[in-house]
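# Observations on the three-dimensional arrangement
Residues per chain, in single letters:
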Amino acid sequence: MDKTPKTAIRGMMLYVLALLVLGVLAGAAYTIYGHPADPSERPAAETIQQKAPAPQ
């Protein structure tokens, strides 16, 4: 077992390449579709009605 089979090396290289491609695709998809909403819109937290204080 002094030499690693070439198929194992090729498999690892293919795996790393596939991870890189998936990472680039995920980054592109996040950049295109995952960006924050229009800054002119109010955040959802501001649109939620707050409960009135309990009468005493």
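Quantities reported herein were computed from a predicted structural model and do not represent experimental measurements. (Residues numbered from 1 in each chain as written. Predicted model: local features only at pLDDT ≥ 70, side-chain atom pairs only at ≥ 80, totals over all residues. Heavy atoms only, no water.)

## Considering the overall build of the chain
Quick note on the threshold: Secondary structure elements follow DSSP: runs of H or I of four or more residues count as helices, runs of E of two or more count as strands, with numbering from the N terminus. Throughout this description, buried means an accessible area under 20% of the type-specific maximum (1.4 Å probe, protein chains only), exposed means over 50%, and partly exposed covers the range between. Per-residue and other accessible areas were derived by the Shrake-Rupley procedure at a 1.4 Å probe size, with only the shown protein chains allowed to occlude residues.
The helix and strand inventory of the chain stands at 2 helices and 0 strands. Within the chain, buried positions represent 0% of all 56 residues. Surface accessibility of the chain: about 5,900 Å² in total, with carbon and sulfur atoms responsible for 67%.

## Notes on the UniProt feature "transmembrane region" (unreviewed entry) in the chain
Worth spelling out the cut-off: UniProt positions are given in the numbering used here, feature names are shortened, and annotations may be inferred rather than shown by experiment.
Within this structure's numbering, the places UniProt gives as "transmembrane region" (unreviewed entry) are residues 12-33. A helix fraction of 100% and a strand fraction of 0% characterise residues 12-33, whose end C-alpha atoms lie 31 Å from each other.

## A few points about the environment of T31
Convention followed: Whenever a nitrogen or oxygen atom comes within 3.5 Å of another N or O atom, the pair is scored as a polar contact, on the condition that within protein one atom can donate a hydrogen and the other can accept it, and that pairs from neighbouring residues in sequence are kept only if both atoms are in side chains.
In this structure, T31 sits in helix 1 (residues 6-33). Note on T31: relative accessible area 57%, which makes it exposed. At 2.8 Å, the side chain of T31 forms a polar contact with the backbone oxygen of G27.

## A few points about a nonpolar patch on the surface
Selection criterion: Exposure above 30% relative accessible area and no salt bridge define the residues that can form patches, which grow by joining like charges within 9 Å and nonpolar side chains of Val, Leu, Ile, Met, Phe, Trp and Tyr within 5 Å. Salt-bridge detection follows one rule: a side-chain nitrogen of Lys or Arg within 4 Å of a carboxyl oxygen of Asp or Glu.
On the surface, a nonpolar cluster with roughly 930 Å² of combined accessible area is contributed by L14, Y15, V16, L17, L19, L20, V21, L22 and L25. With respect to the element layout, V16 can be found in helix 1. Taking relative accessible area as the criterion, V16 reaches 47% and is therefore assigned partly exposed.

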